Structure formats: C-alpha cells, structure tokens
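Here are the chains, one letter per residue:
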Amino acid sequence: MQENRKGPVWIWYPGDFELYHGMRQNFSRVERGFGWPAFWKSEGFRNRIVFRRAYELPGEACFETYSSAVGYVLVQEISQERERKFPLGTKVTCGPGQVRVSIHLAKIETFPSVYVKGEVIYSDKEWSVEDYSGPSQKAGWSKYFTRETQDPSCWDYSEKVYEPVRAEEINGGVLYELETELTAVVEIRYHKGYRPLRVYCGESREEALDLVHCYYSWEPDEKTGRCPRCAVRFFYIPDCGMDEISVKAIHQYVDIPVRAQFEGSDALLNKIWEVSEHTFALCSGVFFIDGIKRDKWIWSGDAYQSILTNQYLMGDPDINRRTLLALRGNDPMTTHINTIIDYSLFWILGVGEHYQAYGDQEFLEQIYPKMRSLMEFCAGQVDENGFFTGREGDWVYIDWADMDKTGALCAEQMLFAKCWDVMAAVSRAIGENEQEYAEKYQELLEKINAFYWDEEKGAYIDSFASGQRRVTRHANIFAVIYDLAGEEQKAQIVKNVLLNDQVPQITTPYFKFYEMDALCRMGYRKEVLDKVKEYWGGMLERGAVTFWEEYDPNVPKEEQYDMYGDKFGKSLCHAWSASPIYLLAKYFVGLRITDPLTGAYEIEPHLEEFDKLRCVLPVRDKQVHIQWDRENGLAVSAEEYVENL
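Residues numbered from 1 in each chain as written. Predicted model: local features only at pLDDT ≥ 70, side-chain atom pairs only at ≥ 80, totals over all residues. Heavy atoms only, no water.

Peer 1: It is not clear to me how the overall build of the protein chain should be interpreted in this structure. Could you clarify?
Peer 2: Along its length, the protein chain carries 14 helices and 28 strands. For the protein chain, the C-alpha radius of gyration of 27 Å lies close to 26 Å, the compact-globule estimate for 645 residues. The C-alpha extent of the protein chain, read off along each of the three principal axes, is 80 × 75 × 60 Å. For the protein chain, buried positions account for 58% of its 645 residues. In the protein chain, once contacts between residues fewer than 6 apart in sequence are set aside, the share between residues at least 24 apart is 72%. (Helix = DSSP H or I, 4+ residues; strand = E, 2+ residues; numbered from the N terminus. Rg over C-alpha atoms; globule rule 2.2 N^0.38 Å. Buried < 20%, exposed > 50% of the residue type's maximum accessible area, 1.4 Å probe, protein only. Contact = heavy atoms within 4.5 Å.)

Here it is, written out as structure tokens:
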C-alpha cells in the first residue's frame, strides 16, 4: 500500500496537487467546439511554500534537489555553527551532527513541488511544509510520482492501443467502431499525404454520424495526426475513403488495478458485473468523475457512491483521498460544494465511509479541520426550528424528482443528521471530544420525527411548511439506510412507500442506488436482484457496452440518447450506474468491515439465488476468496495483496 513506500517521492503542500489537477479536470469539458468550465467556485493552490526537515547525521550526507519552481536550499549545520544557501539543483554535502534543511519554493503557473535525492536525506512524507499563513503540515505526496524526471503538474497516463473492430463506408465517409467505449486519442495516419479532415467522435453510432449534434469533433494535429482525448466508441470521418488513411484509438487511463472478481451461475449477472466494472474503471482516473463524455466533472454526490463501490472493486484509498481533497478546497467555506447543499453533506459522509473502509487515521487527522469548518458552515444555515436550509442561489437537489421543496426539505435533514453522527464517530476515532456532535445528532433526530413523521401515512413527508404533506421515496429511503427511523417505522416505510406503487417511482440510477440499498437492508434481496437484471439487463438489450446516466425502458429506441433537452445529452458511461457491484458484494456475498481500526471483517452471505459463485473481494491488504455452490456450501479464504507499481 502507499503508506509503506520507502525512498524519495515528489512532495508538495498537502491538497495543492489535488486542487491543481481538480481544476484541470473541471475545466476540461468541451461541447461542440467550445469549452465549458465547471460553474462553481474554483479553488487555487499555494504559490509560496517552504519544506523543512531536521536530521542527526553520524557522518557527511549528500543530496540533490529537483524542482521547476524558483527558490533555494537553506542548510543549517548546528554542530558547525554555520548556515549556507544553495541554488536548486546543486549537489549539497552537509554534516555530521544536527542539520536542518529547508527548501524555499515559489511558482506561479502550478503548485511548487520538489524531489530530494540522497541516501540519507531524501523527500518523503516526513517532511513538514508551511505556507506562511498557518501551522506546518505533513508534506503531500503520491505513489504515482517517484522519479526525479517526472513533473507532478502533468499526469502520466497509461496507454493501450485499440484497432477498430469494424469500418463502414457511409455517406461519402468512413465510420469506425471500437470494441467498447474508451477515453482515447484517435490517431490518423495518412497514406496519400496530409490533408485537413474532421473526426466526429460519439458514444453511439447515431451520435458519430450526426455532424450537427455530435458533442466532439476534432481536426487532427498536422504533425502527430492525433485528436484530443475524449470519450469515443464510434468515430466518423466524412469526405474520406478507407484507402486514404489508417486509424487507431489510444486509450489513456490511470492504471488502478481492479482487485475484485465475480463469476456465478447466472450469465446475465456476470455480464452486468463485467459492464459495471468497465463503466466504473473508465470513470475512475485521477479523480472519480461523473461520466467520461459530457461533464467529466468531480461531483460530490457521484463521488460518494463511487467511494462505496470502490471499496468492493478496486479497494484503492488513494483515489478517495484525491477526490475528497479536490472537492473540499480551502478554508474558509463560502459556498457549498458543487453549489449543492446535499453535496456538502455527502462529502462529510464520504470521509466517514473512507475511514470505515480503510482505517485511514492519518488522512482523517489531516482532513478533520475541514470537516469541522464545513459542519460549522452548514450549521450557520438553519432555520428557527434548527433545520438545514439553502441560501439564495444554493441548489437543493437530492434527485431529479418532483418533491415538495417548500421550506426545509426532509431528505436534507436526514443527511444533516447523519453528518452529525459521522462527525461524532470521526471525533472519537482521532481522540477529539465527540459529545457536541452526538448531542446535535440526537436533537435533530427528535425534531425530524416530530415535524416530518406522519403517523397516518406511516411515512416521512417532504415538507411541513406547505401543508401538502406529500410523501416521496427519498427521505424515507435515507431514514432506512442511515438508521434514522426505528424498526417499526422502517417496516411501515417498506409497506407504505418502498412497495407502494402509488408513491412516485425513482427514475434515475443515481437514486436507484439508495432505494435498492434500503430494500436489501430490509431483506428484499430477491426483489433487488430481479430489478438489477431487469433494469441493467434492459440497457444491455439496447446495446449498452457501458451503463448509462439514466434509462427509461418506455422511451422509444430512437430517443434513448436524449437528456436535458439535448439530442445526445445523456451520458452513456456514468459512474453511478455501476452500483450492481456494491449491491452484489455487500448484500449478496455479504462482506462488511466491522472494525475500521483493525480491518476486521465478516461475511454474511445470502446466495440462495445462486447455484454457484466464485468471488474475490478486496479488504485492505487482503484478497478475500468466496466460493459457493449448493452441494458443497461456502468456503472462504484470504491471501495478502501486494500492489505492483
């Protein structure tokens, strides 16, 4: 794992790496020829920092520094009572005795970083760093930046070449098809000499052939023949013949190993897992992003679900950390994460899930001050009853659904209450006083039941302010999955809401995630399995090779790519649609970590619907193997996992 690495790495002020690359990610959206940067506050990185480290040297030690910043190295040799400055890049010899090394850096274009190479003195996470405005911090670093020839402001993507599996001459041009959807650079080689061409890339055949509504169209670079990196499964080149060019797609990705395996007796479920895995891997790069075509942004609600799925598929804590740091930004808080009030709350919940999965005490201590300040920011936006409400300009989202959002919305209070609970648990984990948070949790829980529980309806209402007392699924689902309702209330919720067709149905995979989570918790696993096969299997029947942002089986096939009033607005590769991985691993295989400190886990399988199943799931530094068949029963074993970089 990352924490055990020995030897030099690039170091920077903690969080700056994530803020800089998060900015690049959120500014990368392109739509039909124009850039569309994310519409929320952009957090900046520090331009001026100093690294420090003290050594007790038994003899002389040498080291060199590598950095693209401006600055110098200051060496204070206490035993010799001397102080010397050196230019960056100079070989420095110092010692013996007590030595203090400080590296002063400044950079305008990107965050300052340094690589220190030596046998004894070298850069690692034990260095401290200051930004002249607060106390020193432990240096930030990444397992991906370990060589002096690298530049931490440029991510080195892994690459794999894909040749088209099909080419078709159509309408005076050539349509190429790849075996699956990718994030790739299309490269053209000209057989008869260069001439200007245009490449139309689409997630679907229909999009690539629609020269007006296609999201991405590029003119290849004259020297390299390459188009910019984008989501592509089909690409069309008009006014061109197959004899003029040869083409390939270069898939560029972050190589995060998939550690899970799933193979059972149900071929459809195997395929759903496989496509979910590919979907999730494409949306898991430097950060968790929503989808690979339209937004490509880091959304907190999407990231929260990705953190849950990551635990069972890749088991990679690094992408969690990068995503959480990029989303949160710097203090002071002035606006909600992604401008959405529930997305600020999902960020808190995401940190809690990260700790539960990985017992990441060091990260928890680093991020805790930002958790506190975010909760203080939210607590400053409560009404006279103590309920969390948005300010003017804040987005109260929860889901694309018709809810009564008059006044304080019940679903938001459910999330707010769970955040107080998580804050109490996190405070306890790092030795801070939890009492304040625990009391706020209990106080809000009592108010939610007093104002929102409708005994006659046997459910929570959306809002009491309007007097309509409408019931939708969302708040009731949160009440179940976050244990905010009593057992008798949960039973009523299942009967009166979750299994009641009169209550408007959930239409997005985003909230289907939570609804099926709630049903699994209440024992309705067969119903969930049937829904997974029906809903995700329906996408497969319509030709999906990755799972979509939204799917309505009642929509005619020719309209299936429409969304947001845009002919090809729907993302056909969306992270939140990979939720079958989480559901199958957690509720059917039944794997759950019971102690975040030790990583102890339990398996409570519910495999009655399977004749056979072979599954491997990650648990921190272990690979847990689960084998099941009706004749021989269950066998569980574990082996150590060694990460190869």
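Moving on, there is more to tell.
Peer 1: Honestly, helix 5 (residues 317-328) in this entry has me stumped. Any pointers?
Peer 2: Note that an α-helix has 3.6 residues per turn; residues three or four places apart therefore point the same way. Between its terminal C-alpha atoms helix 5 stretches 17 Å, which fits the 16 Å expected from 12 residues at 1.5 Å a residue. Counted residue by residue, helix 5 has 12 buried out of 12 residues, so it is predominantly covered. Buried residues belonging to helix 5 abut helix 1 (16-26), helix 4 (300-313), helix 6 (341-358) and helix 7 (361-379). Just downstream of helix 5 lies glycine 329, where phi reads positive at about 70 degrees. (Expected span 1.5 Å × (residues − 1).)

Peer 1: Teacher, can you tell me more about the side chain of glutamine 381 here?
Peer 2: With respect to the helices, strands and loops of the structure, glutamine 381 is situated in the loop between helix 7 and helix 8 (410-429). Those residues in contact with glutamine 381 that sit more than four places away from it in its chain are His336, Phe387, Phe388, Thr389, Gly390, Arg391 and Asp394.

Peer 1: Sorry if this is basic, but what is going on with the packing of helix 3 (residues 267-282) against helix 4 here?
Peer 2: Helices that pack against each other are described as a pair by the angle of their axes relative to one another and the distance between those axes. Between helix 3 and helix 4, whose axes approach to 12 Å, the crossing angle comes to 120 degrees. Relative to helix 4, helix 3 is oriented oblique. Crossing of helix 3 against helix 4: the hand is left-handed. In contact with Trp273, Glu277 and Phe280 of helix 3, helix 4 contributes Ser306, Thr309, Asn310 and Leu313. When its residues are assigned to classes, the contact of helix 3 with helix 4 shows 3 nonpolar, 3 polar and 1 charged. (Axes fitted to C-alpha atoms, helices over the stretch in contact; angles between N-to-C directions. Parallel < 35°, antiparallel > 145°, perpendicular 65-115°, else oblique. Left-handed = near helix turned anticlockwise from the far one by under 90°. Nonpolar A, V, L, I, M, F, W, Y, C, P; charged D, E, K, R; others polar.)

Peer 1: Whenever I open this one, the packing of helix 12 (residues 509-521) against helix 14 (residues 580-589) confuses me. Can you help?
Peer 2: Axis separation between helix 12 and helix 14 bottoms out at 11 Å; the angle between their running directions is 5 degrees. By the angle class used here, helix 12 and helix 14 are roughly parallel. Together, Phe513, Met516, Asp517, Cys520 and Arg521 of helix 12 and Tyr582, Leu583, Lys586, Tyr587 and Phe588 of helix 14 make up the contact between the two elements.

Peer 1: Please explain the packing of aromatic side chains as it appears in this structure.
Peer 2: Within a pair of aromatic rings, the relevant descriptors are the distance that separates the centres and the angle that separates the planes. Tallied over the entire structure, the rule returns 64 aromatic pairs. Their ring planes at 65 degrees and their centres at 6.5 Å tell us that tyrosine 55 and tryptophan 127 sit as a pair that is edge-to-face. With tyrosine 55 in strand 4 (residues 48-57) and tryptophan 127 in the loop between strand 10 (113-118) and strand 11 (128-130), the pair connects residues that are 72 residues apart, well separated along the chain. The exposure class of tyrosine 55 is buried, given its relative accessible area of 10%. One cation-aromatic arrangement involves lysine 85 over tyrosine 72; the distance from NZ or CZ to the ring centre is 4.8 Å. Positioned above the aromatic ring of tryptophan 420, the side-chain terminus of lysine 440 is 5.4 Å from the ring centre. (Phe/Tyr/Trp six-rings, centres within 6.5 Å; stacked < 30°, edge-to-face > 60°. Lys NZ or Arg CZ within 6 Å of the ring centre and 35° of its normal.)

Peer 1: Please clarify how a nonpolar patch on the surface should be interpreted in this entry.
Peer 2: Together, Phe34, Trp36 and Phe39 line one region of the surface with nonpolar side chains, adding up to about 310 Å² of accessible area. Structurally, tryptophan 36 can be placed in the loop between strand 3 (34-35) and strand 4. For tryptophan 36, a relative accessible area of 33% gives the class partly exposed. (Patch = residues over 30% accessible without salt bridge, like charges linked within 9 Å, V, L, I, M, F, W, Y side chains within 5 Å. Areas by Shrake-Rupley, 256 points an atom, 1.4 Å probe, with all protein chains shown as cover. Salt bridge = Lys/Arg side-chain N within 4 Å of Asp/Glu carboxyl O.)

Peer 1: When you look at the sheet that holds strand 5 (residues 61-66) in this model, what are you seeing that I'm missing?
Peer 2: Strand pairing in a sheet relies on backbone hydrogen bonds, with the paired strands running either antiparallel or parallel. Taken in spatial order, the 5 strands make up an open sheet running 8-5-10-1-13, and their pairing is antiparallel. In this open sheet, the two edge strands, each paired with only one partner strand, are strand 8 (92-94) and strand 13 (140-141). Taken together, the 4 bridges between strand 5 and strand 10 define a ladder with antiparallel strand orientation. Looking at strand 10, one finds that threonine 65 is bridged to valine 116. (Pairing = 2+ DSSP bridges.)

Peer 1: What exactly am I supposed to notice about the nonpolar core here?
Peer 2: Nonpolar side chains in soluble globular proteins tend to end up buried together. The biggest cluster of nonpolar side chains holds 181 residues, and the ones touching the most others in it are Phe346, Trp347, Tyr460, Phe478, Tyr482, Tyr514 and Leu617. Per-element tally for this core: the top contributor is helix 8, with 12 residues. The residues contacting phenylalanine 346, other than those within four sequence positions of it, are Ser300, Gly301, Tyr304, Leu415, Phe478, Tyr482, Tyr510 and Tyr514. Core analysis: the next-biggest nonpolar cluster, separate from the first, contains 26 residues, Val73, Val99, Leu105 and Trp141 among them. (Core = buried A, V, L, I, M, F, W, Y, C linked by side-chain atoms within 4.5 Å.)

Peer 1: Even after reading the chapter, I still don't get the UniProt feature "domain: Alpha-L-rhamnosidase six-hairpin glycosidase" (unreviewed entry) in the protein chain, so can you show me in this structure?
Peer 2: As annotated by UniProt and renumbered to match this structure, "domain: Alpha-L-rhamnosidase six-hairpin glycosidase" (unreviewed entry) occupies residues 260-586. Split by type, residues 260-586 is 54% helix and 2% strand. Its first and last C-alpha atoms lie 13 Å apart. (UniProt positions renumbered as here; feature names shortened; annotations may be inferred.)

Peer 1: Explanation requested: the side chain of asparagine 310 in the structure shown.
Peer 2: Note that asparagine 310 resides in helix 4. Within the local environment of asparagine 310, its side chain forms a polar contact with the backbone oxygen of aspartate 316, the two atoms lying 2.7 Å apart. Not counting residues within four places of it along the chain, the set of residues in contact with asparagine 310 comprises Phe280, Phe288, Gly315, Asp316, Ile319, Asn320 and Tyr358. (Polar contact = N/O pair within 3.5 Å; in protein donor to acceptor, adjacent residues only side chain to side chain.)

Peer 1: Please clarify how the pattern of salt bridges should be interpreted in this entry.
Peer 2: For side chains of opposite charge, pairing can occur when their charged atoms come near one another. Counted by the stated rule, this structure contains 50 salt bridges. In this structure, glutamate 177 engages arginine 166 in a salt bridge whose closest nitrogen and oxygen atoms are separated by 2.5 Å. Of this pair, glutamate 177 sits in strand 16 (residues 173-190) while arginine 166 sits in strand 15 (residues 166-170), and the two are 11 residues apart along the sequence. Glutamate 177 gets classed as buried once you look at its relative accessible area, which sits at 15%. Arginine 166 gets classed as partly exposed once you look at its relative accessible area, which sits at 47%. Across the salt bridge formed by glutamate 549 and arginine 294, the nearest N and O atoms sit 2.7 Å from each other. You can see glutamate 549 sitting in the loop between helix 13 (525-541) and helix 14 and its partner arginine 294 sitting in the loop between helix 3 and helix 4, a full 255 residues away along the chain. With relative accessibility at 2%, the residue glutamate 549 sits in the buried group. A cluster of three or more residues bridged by salt bridges with shared partners is formed by Arg29, Glu31, Arg32, Arg294, Asp295, Glu549 and Asp566.

Peer 1: Which parts of the structure should I look at to understand the UniProt feature "domain: Alpha-rhamnosidase-like N-terminal" (unreviewed entry) in the protein chain?
Peer 2: As annotated in UniProt, the feature "domain: Alpha-rhamnosidase-like N-terminal" (unreviewed entry) corresponds to residues 86-214 in the numbering used here. Secondary structure content for residues 86-214 is 4% helix and 47% strand, while the C-alpha to C-alpha distance between its ends is 55 Å.

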